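Structural overview for review
These are the residues of each chain, in order.
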Amino acid sequence: MSKIANRQVICDVLMENAREDKDIVVLCSDSRGSASLAKFADNFPEQFIEVGIAEQNLVSISAGLAKCGKKPYAASPASFLSTRSYEQCKVDAAYSNTNVKLIGISGGVSYGALGMSHHSAQDIAAMCAIPNMRVYIPSDRLQTECLIKALLSDEKAAYIRVGRNAVEDVYEEGNVPFEMDRATVIREGTDVAIIACGEMVKPAVEAAQLLEIKGIHASVVDMYCVKPLDKGAIVKAAGNARAVITAEEHSPFGGLGSMVSQVVAGECPKKVVNLALPDAPVITGTSKEVFDHYGLNAEGIAKAALEALG
C-alpha cells in the first residue's frame, strides 16, 4: 500500500515546479496541515497565502491573483470549499474564466468521525453543474501526479477532489496510462462494465478479479475526469457489456452514476446500477468502515454485478 496520500503528491508537484515558476501561488484556509502544504509554505513563503477560515475569500483572492497572471492553487476541505464558497466558485472562478485550481481536500467521507457537516457527498453534482468548471477525482498518488502536472500547463478553472488518507496504488510507477480528459480503461470485459472514480477505483479492480473467478469478465473504467465526462469510453464499455455498474463516494443524486446513466440511456440502453452513499447522514466511522457498511467495496461491487446479470 502506498504510504503517500494524494494530497502530499499535490504538494510535491507544486514544490517541484514553484522553484522555476514564481507565478505558482498556493492559498489555504487555515488548512496547510490537513492539505499537506505546510512544507510548501515553509519553503516558498513568498508564494504562499494563508487566508484563514474564510473559504469565500479564498476563492475570490485566488481569482484576483489569476487575473494578475498568477497561477493560484486554493486548498480547503471539500465539504466547505464546495458549499460555503459555491457562489465564488461559480462567479469568480468559472464564469470569469480565471485560472484557479480548487483543491478539495479530505473529500467524500474522509472526515468520517466528524459527521455530515464535514462530509462532501454533494460536491460532484454541485461543481459539475457550473459551466466552465472541470471536475477531477484521481484514484491514486500516481494518477494525481500526472493530473497536477497536466493542470499546470493550462489556464482554465478546475476542481480537484482528493481524500485524506493514503490509498493503495491502482497503477504502477513508470506505467500510468494517463491522458488528459480521457478515462483510463484498466480492464476489458464482455459481461459487465464497472465505471468508478476516486477511491472506488481500487475496489472496482478487486471486484473484477473476484468476478473473474466466477467466470464473469468485467471491464473497469477509471473515470477520473468526471467533467468533462469521457462519453466515448462509457459508450464503448457499455456497448460491450450486458450491464453497467457505477461506484462513487457521493450522493446517489447528480454524481457519476447519474451522468453515466444518462449517457447509456441515450446511446446504448443497458441496465445500470449505481452504487453510492445513501441519501441520509452516513454512519460514523473511518472511510473503510463506511465503505464496508454500504457495500462500497470489492465484495459489494461484485455482488451488485452478479445481481445485475441475473
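Residues numbered from 1 in each chain as written. Predicted model: local features only at pLDDT ≥ 70, side-chain atom pairs only at ≥ 80, totals over all residues. Heavy atoms only, no water.

**Details of the packing of helix α8 (residues 201–213) against helix α12 (residues 298–309)**
Where α8 meets α12, the axes come as close as 8 Å, and the angle between the chain directions of the two elements is 55°. When the axes of α8 and α12 are compared, the pair comes out oblique. Between α8 and α12 lies a crossing whose hand is right-handed. Every residue of α12 that contacts α8 at P203, A204, E206, A207, L210 and L211 is listed here: A298, E299, I301, A302, A305 and L306. In terms of residue class, the contact of α8 with α12 is built from ten nonpolar, no polar and two charged. (Axes fitted to C-alpha atoms, helices over the stretch in contact; angles between N-to-C directions. Helix = DSSP H or I, 4+ residues; strand = E, 2+ residues; numbered from the N terminus. Parallel < 35°, antiparallel > 145°, perpendicular 65-115°, else oblique. Left-handed = near helix turned anticlockwise from the far one by under 90°. Contact = heavy atoms within 4.5 Å. Nonpolar A, V, L, I, M, F, W, Y, C, P; charged D, E, K, R; others polar.)

**Comments concerning the pattern of salt bridges**
Taken as a whole and judged by the stated rule, the model has 13 salt bridges. Across the salt bridge formed by K149 and E145, the nearest N and O atoms sit 3.0 Å from each other. Residue K149 and its partner E145 are located together in helix α7 (residues 141–151), separated by four residues, close to a single helical turn. Classification of K149 as partly exposed rests on a relative accessible area of 38%. Looking at E145, the relative accessible area reads 29%, which means it is partly exposed. A salt bridge links R187 to E212, with the shortest nitrogen-to-oxygen separation between them at 3.0 Å. With R187 in strand β7 (residues 184–187) and E212 in helix α8, this residue pair connects regions lying 25 residues apart in the sequence. Under the relative-accessibility criterion, R187 is labelled partly exposed at 22%. The exposure class of E212 is partly exposed, given its relative accessible area of 33%. One salt-bridge network, held together by shared partners, links K101, R134 and D154. (Salt bridge = Lys/Arg side-chain N within 4 Å of Asp/Glu carboxyl O. Buried < 20%, exposed > 50% of the residue type's maximum accessible area, 1.4 Å probe, protein only.)

**What about the sheet that holds β7?**
Spatial strand order, β7-β9-β8-β11-β12: five strands in an open sheet with mixed pairing. Across the chains shown, the open sheet's two edge strands, defined by having one partner strand only, are β7 and β12 (271–275). Here the average twist between neighbouring strands, direction ignored, is 20°. In the sheet, β7 pairs with strand β9 (residues 218–222) via three bridges, with the strands oriented antiparallel. In the sheet register, R187 faces β9, and the bridge partner there is V220. Against the sheet, helix α10 (residues 256–267) touches β8 (192–196), β11 (243–247) and β12, its axis set at about 175° to β12. (Pairing = 2+ DSSP bridges.)

**Regarding the environment of V282**
Within the secondary structure layout, V282 lies in the loop between β12 and α11 (287–293). Put simply, V282 and Q209 are 73 residues apart on the chain and 28 Å apart in space, counted from C-alpha to C-alpha. Those residues in contact with V282 that lie beyond four places of it in its chain are V109, H119, L277 and Y294.

**Details of the nonpolar core**
Ranked by size, the top nonpolar core spans 73 residues in total, and within it L14, F40, L102, M133 and M223 carry the most contacts. In terms of residue count, the dominant contributor to this core is helix α1 (residues 6–18) (seven residues). For F40, the residues in contact, after removing those within four places along its chain, are C11, L14, M15, A18, I24, V26, Q47 and F48. L142, A243, V282 and A305 belong to the second largest nonpolar core, which has 32 residues in total. (Core = buried A, V, L, I, M, F, W, Y, C linked by side-chain atoms within 4.5 Å.)

**Considerations on the side chain of E248**
As for its position among the elements, E248 is in the loop between β11 and α10. Buried within the structure, E248 lacks any salt-bridge partner; its nearest side chain of opposite charge belongs to R161, at an N-O separation of 7.0 Å. Within the structure, E248 has its side chain in polar contact with the backbone nitrogen of L256 (distance 2.7 Å). Ignoring anything within four residues of it in the chain, the contact list for E248 reads I124, C197, M200, G255, L256, G257, L275, A276, L277 and L296. (Lys, Arg positive; Asp, Glu negative; His and termini not counted. Polar contact = N/O pair within 3.5 Å; in protein donor to acceptor, adjacent residues only side chain to side chain.)

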